[in-house]
Amino acid sequence: MNKFEQLGLNEALLNAVADMGFETPSEVQEKAIPVLLAQDTDMVALAQTGTGKTAAFGFPMIQKIDVHSKRTQGLILSPTRELCLQITQELKQYSKYEHQLRVAAIYGGASITAQASEIKRGAQIIVATPGRMKDMISRGMVDITNIDYCVLDEADEMLNMGFYEDITDILSNTPKEKSTWLFSATMPKEVSRIAKKFMADPVEITVGTKNSGSQNVQHEYYLVSGRDRYSALKRLADANPDIFSVVFCRTKRDTQKIAEKLIEDGYNAGALHGDLSQNQRDMVMKAFRTNQIQMLVATDVAARGIDVDDVTHVINYQLPDEIETYTHRSGRTGRAGKSGISMVIITKSELRKIKGIERIIQQEFDAKKIPNAEEICEIQLYHLASKIKDTEVNAEVEGYLPAVMDVLEGLDREDLIKRMVSVEFSRFANYYNKTQDLNQPSASSEASSGEGSTRYFINVGSKDGYDWKTLKDFLREQTGLDRDDIYRVDVKESFSFFNSDAAHTEAILQLFSEFKMDGRFINVEISSNAGGGGRGGSRGGNRGGGFKGGRKRSFGDSDKRSKGAFSGKRRSFDGKKSKGHSTSAKKSHRKGPKPKW
Ligand code: ADP
Ligand code: MG
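Residues numbered from 1 in each chain as written. Chains lettered and ligands numbered in written order. Predicted model: local features only at pLDDT ≥ 70, side-chain atom pairs only at ≥ 80, totals over all residues. Heavy atoms only, no water.

## Things to note about the side chain of Asp-166
Locating Asp-166 in the fold gives a position in helix H9 (residues 164-171). Classification of Asp-166 as buried rests on a relative accessible area of 15%. In this structure, Asp-166 is in contact with Pro-130, Gly-131 and Lys-134, ignoring residues within four places of it in sequence. (Helix = DSSP H or I, 4+ residues; strand = E, 2+ residues; numbered from the N terminus. Buried < 20%, exposed > 50% of the residue type's maximum accessible area, 1.4 Å probe, protein only. Contact = heavy atoms within 4.5 Å.)

Structure representation (structure tokens):
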């Protein structure tokens, strides 16, 4: 008997489960399904996104519904159109062998009459956003006075979005005897209020620690002054050339503005917020899904529908008003068993919020430093070198080779490499040459990057299957050092950095002096920069790491981003001229090979 059979699921569902390739129930499914199948009870379930909540309420609902009746028996309320469609799709898959079951999706921005006629044909389950649902009730297009089950999915998010009134309105149209199942990632006051008001003696289940975020996510904050927020964001992106991120802003206006600035500065960015048309949003999401956008700037509400599994970083450009929302944000990364990093750009006055968030996620933040010029240049240089190594030779180059060889005659290998790398590198070096340290002094952030610390370079990275967690484990295992002795592990695509206290430097270098793994030398060297901008201080020059003056030459230029290290060259082979700055997400595209994550 497999694990799903043990939960009490019927044949039709078990077959669908097998088709979908689910092997074991998730924790929330294991806890909720048997209870909901066996009793007619209310339930409050606390579980993070990505834990399989849809099946936790979907399986029991599908199994309990009387498919011989066309009456609407189950109502699922969900915060956004995207989630609504996602749930509907999932339910349809779950019920593929329940041939008479109909599921209807009810959401705004689409024809209400078409939706009404779908319900009329007999939908036993309705999945709806609160706004459209209320609308249809008031127009007499749905009848939910006889439902048996009502699910409030992502309840905290619905309330965050201001649906309290709509929800209470809708629920007041439902019978008292029904069962209400509330699913939420967090339990803020408003959610308990709804639970108290509409539920009787609910069974409570909690998955993982209450309100805690994914354990796969590392949380970091960067203390800067308010006017440096944007420069800080750019540096974080530059220090992570393979970033694939969601950047959160508080308002639609900021979201749009930051996205536009990033695009103008040559990043593969796009905006996602409620003022865009559905069509525009779909296009941005498509570009993001296909990795054409590396930095998706989004509002909290718009980001709810994002179901992309390989987001490497979440960046809180501003903290949310409600700190509970932070878990939703950071939950966009570290999904599907992968690890992720959630970064917060923060000013002194907001620092106290970090404590509150730590209590909710039950994890501590690392106080990190915005990378300084040397660190970014070093990263970009190594990145460039590995890009050269990995670049597939373009066959078109062949024909020009003799002439090119002529031009380059007399340069030996080392000279050639130096010059080649400099072509790209100088742009970074020049750009960052006169920029300031953006970090605000703070007592707590000195701890891990002070004088007694050594920063190392190691020639393995995410390409070799490492993330910060597994690389740290590897280093600890090899060196025999303690958990806290290896820190600031930053994994890039083909190389990484980490720190140890200076006391361990000799031992670490010794250990890795002739270290071979899988037939390959693992090389560890002291990184030339102190790491994390801990030293150096202000270098004067441009205010706030500005990018004014000669923006065209800055590496941020859209045609010359590191991603396309050699695209400039290739273009001239093609005889095409560089275009100006692109101003829409469409035009901005990744030029290098797709990242391996
Ligand atoms: P949540 O609502 O908690 O955010 P979902 O119900 O959307 O999570 O599930 C996330 C993904 O995991 C979906 O693609 C779903 O098909 C998949 N999934 C759900 N349950 C299982 C399971 N037991 N085994 C494997 N995959 C599952
Ligand atoms: Mg869900």
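## Points about the site of ligand 1
Every one of the 14 residues lining ligand 1 counts as a neighbour, but Thr-24, Gln-29, Gly-50, Thr-54 and Glu-90 are closest to it. Within the side chain of Gln-29, a nitrogen or oxygen atom sits 2.8 Å from a nitrogen atom of ligand 1. Taking Lys-53, its main chain carries an N or O atom lying 3.0 Å from an oxygen atom of ligand 1. Relative to its unbound accessible area of 560 Å², ligand 1 is 71% covered by the protein chains. Counted by class, the shell around ligand 1 contains three nonpolar, nine polar and two charged residues. (Near = heavy atom within 4 Å. Polar contact = N/O pair within 3.5 Å; in protein donor to acceptor, adjacent residues only side chain to side chain. Areas by Shrake-Rupley, 256 points an atom, 1.4 Å probe, with all protein chains shown as cover. Nonpolar A, V, L, I, M, F, W, Y, C, P; charged D, E, K, R; others polar.)

## Brief notes about unusual backbone geometry
Although it is not a glycine, Glu-154 sits at a positive phi angle of roughly 50°. Within the element layout of this structure, Glu-154 appears in the loop between strand E5 (149-152) and helix H8 (155-160). If you check the backbone angles, Arg-488 has positive phi at about 50° while not being a glycine. Within the secondary structure, Arg-488 sits in strand E16 (residues 486-491).

## Structural notes on the packing of aromatic side chains
Enumeration over the complete set of coordinates arrives at 17 aromatic pairs. Between Phe-244 and Phe-288, the aromatic rings sit 4.5 Å apart at their centres with planes inclined by 20°, giving stacked as the arrangement. Of this pair, Phe-244 sits in the loop between helix H11 (229-238) and strand E9 (245-248) while Phe-288 is found in helix H13 (residues 278-289), placing the two residues 44 residues apart along the sequence. The same class applies to Phe-244 as to Phe-288, namely buried. Their ring planes at 50° and their centres at 5.6 Å tell us that Tyr-326 and Phe-365 sit as a pair that is tilted. You can see Tyr-326 sitting in helix H15 (residues 325-330) and its partner Phe-365 sitting in the loop between helix H16 (351-361) and strand E14 (366-368), a full 39 residues away along the chain. For Tyr-326, a relative accessible area of 0% puts it in the buried group. Over the face of the ring belonging to Tyr-164 we find Arg-193, whose NZ or CZ atom lies 4.3 Å from the ring centre. Here the basic side chain of Lys-261 rests over the ring of Tyr-230, its NZ or CZ set 4.4 Å away from the ring centre. (Phe/Tyr/Trp six-rings, centres within 6.5 Å; stacked < 30°, edge-to-face > 60°. Lys NZ or Arg CZ within 6 Å of the ring centre and 35° of its normal.)

## Topic: the pairing of E16
Among the six residues in E16, five count as buried, and that is most of the element. The pairing of E16 with strand E17 (residues 496-501) spans four bridges and is classified as antiparallel. Residue pairing in the sheet places Ile-486 in a bridge with Ser-500 of E17. Between the antiparallel neighbours E16 and E17 lie four residues. (Pairing = 2+ DSSP bridges.)

## Thoughts on the packing of helix H7 (residues 130-138) against H9
Remark: H7 packs on H9, axes separated minimally by 9 Å, with the N-to-C direction vectors making an angle of 40°. In terms of axis orientation, H7 runs oblique to H9. The chirality of how H7 crosses H9 is left-handed. Contact residues: H7 offers Pro-130, Gly-131, Met-133, Lys-134 and Ile-137, while H9 offers Asp-166, Ile-167, Asp-169 and Ile-170. Its residues assigned to classes, the contact of H7 with H9 shows five nonpolar, one polar and three charged. (Axes fitted to C-alpha atoms, helices over the stretch in contact; angles between N-to-C directions. Parallel < 35°, antiparallel > 145°, perpendicular 65-115°, else oblique. Left-handed = near helix turned anticlockwise from the far one by under 90°.)

## With respect to the nonpolar core
The tendency in soluble globular proteins is for nonpolar side chains to be buried side by side. Of all hydrophobic cores here, the largest spans 43 residues; its most connected members are Leu-233, Leu-262, Met-295 and Phe-498. When contributions to this core are tallied by element, the ones reaching two or more residues are H11, helix H12 (252-264), strand E10 (269-272), strand E11 (295-298), strand E13 (340-346), strand E15 (453-458), helix H20 (468-479) and E16. The element best represented in this core is H11, accounting for five residues. Discounting residues that sit within four places of it in the chain, Leu-233 has contacts with Val-247, Ile-258, Leu-262, Met-295, Ile-315, Tyr-317 and Ile-345. (Core = buried A, V, L, I, M, F, W, Y, C linked by side-chain atoms within 4.5 Å.)

## A look at the environment of Ser-349
Residue position: Ser-349 is located in the loop between E13 and H16. Between the C-alpha atoms of Ser-349 and Gly-226, which are 123 residues apart in sequence, the distance is 9.6 Å.

## Structural notes on H13
Here H13 spans 16 Å end to end across twelve residues, near enough to the 16 Å set by a 1.5 Å rise per residue. For H13, every residue scored as buried is listed here: Arg-281, Val-284, Met-285, Ala-287 and Phe-288. Projected onto a plane normal to the axis of H13, the buried residues spread over an arc of 160° and lie on a single side. Turned more than 90 degrees from where H13 packs its buried face, Asn-279 and Lys-286 sit exposed. Looking at the residues trailing H13, positive phi occurs at Asn-291, about 65°. (Expected span 1.5 Å × (residues − 1). Arc of directions from axis to C-beta.)

## Description of the confidence of the model for the protein
Per-residue confidence for the protein gives a mean pLDDT of 82, with 84% of residues at or over 70. Confidence over residues 443-449 falls short of pLDDT 50; this stretch has 13 contacts with residues more than four positions distant or in other chains. In the predicted structure, residues 532-597 sits below a pLDDT of 50 and forms 150 contacts with residues beyond four places in sequence or in another chain. (pLDDT = per-residue confidence, 0-100.)

## Remarks on the sheet that holds E17
Ordered in space as E16-E17-E15-E20, the four strands form an open sheet in which the pairing is antiparallel. Only two strands of the sheet have a single neighbouring strand rather than two, namely E16 and strand E20 (524-526). Each strand axis lies, on average, 25° off the axis of its neighbour in the sheet, ignoring direction. The pairing of E15 with E20 spans three bridges and is antiparallel. Paired with Phe-457 across the bridge in E20 is Glu-525.

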